[in-house]
Amino acid sequence: MITIVRYVFGNVLYLFSLLVPKSDNIWVFGSWGGSAFADNPKYLYDYVRNNQGHIRPVWLTRSRAVLQELRSEGHEVHLIASLLGLYYMMRASYGVTSHGITDLNRYAVARIKIVETWHGIPIKPVLLSDPKKKARRKFKVLHFLKFFFPFLAKEVDFKKLFLICGSGPLTNELCVKIFGEGIHLASVGFPRLDGLKNINTESTLVNQLRNFQKDGFRLMIYLPTYRREAEFDIIGFFRDNLSFINDNLVSRRIKLFVKFHPFDAHKIDAAFESKS
């Protein structure tokens, strides 16, 4: 019942967004379902803010912590559900996302051009490439519902998106698998990789890595993707095999750096506390 009421209200916002005039100078940005100032939208936002003076970039979030932090740094940021957040969503000509339209306001999406930068190289089954029955059934239901709730179109029909970012033949092929044929795909690269050009070469971490190399260690990094609850427990694997992993790294003079997926990171303390 709550979902039906929300969807009906969503249709009202969608109709309003059809009527509100767009501004080519206003762009809205969001990432990770509105929970973070991160990923490709963050780096594109920073570039636009610092280099494109004729564009007014506005960050939208659901997190009050993100709101307060960005405002303290002088950014223009609003809560997605606030009146100003809704206003800028309706006025913006372009919206930039990392996970989909739910990074912004999923309802007030009429006529806005969505640029999907995505949040990684899509090497695992997801969206249209997900073979699980539950995932396929969800897309079929949403495709049916979009005829009654048009704001859903940009969530399930990826041909409706203005642009999807790829970085070359390999990633473009993967993008077609998850977003489908006929999408507007461009090899423009991933904005967050620009951050690699601006690394502080004198930082504590970089100096530590240099010292490891001078001492004859090989450096490795492991960045595991997110696994759902019923799938492989990567943190549990590390916890249960920590001694084995460490002994092998020591014998091979390897320093391994691991960065877990943000959706898994909160499990680390609890997992290793139970180990002790």
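Refer to the preceding data block for the structure.
Residues numbered from 1 in each chain as written. Predicted model: local features only at pLDDT ≥ 70, side-chain atom pairs only at ≥ 80, totals over all residues. Heavy atoms only, no water.

Visitor: Got a sec to walk through the pairing of strand β1 (residues 23–29)? Specific residues and values, please.
Guide: Within β1, 5 of the 7 residues are buried, leaving the element largely enclosed by the surrounding structure. Pairing of β1 with strand β4 (residues 92–97), which is carried by 4 bridges, proceeds in the parallel orientation. By the bridge assignment for β4, S23 is matched with A92. Of the pairings in the sheet, the one linking β1 to strand β2 (residues 56–61) comprises 4 bridges and is parallel in character. Bridging from a neighbouring strand, V28 pairs with V58 of β2. (Buried < 20%, exposed > 50% of the residue type's maximum accessible area, 1.4 Å probe, protein only. Helix = DSSP H or I, 4+ residues; strand = E, 2+ residues; numbered from the N terminus. Pairing = 2+ DSSP bridges.)

Visitor: Any chance you could break down unusual backbone geometry for me, citing the residues and the numbers?
Guide: Even without being a glycine, W32 presents a positive backbone phi close to 50 degrees. Along the chain, W32 turns up in the loop between β1 and α2 (39–51). One non-glycine residue, R253, adopts positive backbone phi at about 55 degrees. Structurally, the position occupied by R253 is in the loop between α10 (242–251) and β9 (254–258).

Visitor: If you had to explain the packing of aromatic side chains to someone new, which residues and values would you point to?
Guide: How two aromatic rings sit relative to each other is given by the distance of their centres and the angle of their planes. Considering all chains together, one arrives at 22 aromatic pairs under this definition. Between Y222 and F238, the aromatic rings sit 6.2 Å apart at their centres with planes inclined by 20 degrees, giving stacked as the arrangement. With Y222 in strand β8 (residues 218–222) and F238 in helix α9 (residues 234–240), this residue pair connects regions lying 16 residues apart in the sequence. You can call Y222 partly exposed: its relative accessible area is 30%. Sitting over the ring of Y94, K113 keeps its end group 5.4 Å from the ring centre. Just above the ring of F217 sits the side chain of K255; from NZ or CZ to the centre is 4.7 Å. (Phe/Tyr/Trp six-rings, centres within 6.5 Å; stacked < 30°, edge-to-face > 60°. Lys NZ or Arg CZ within 6 Å of the ring centre and 35° of its normal.)

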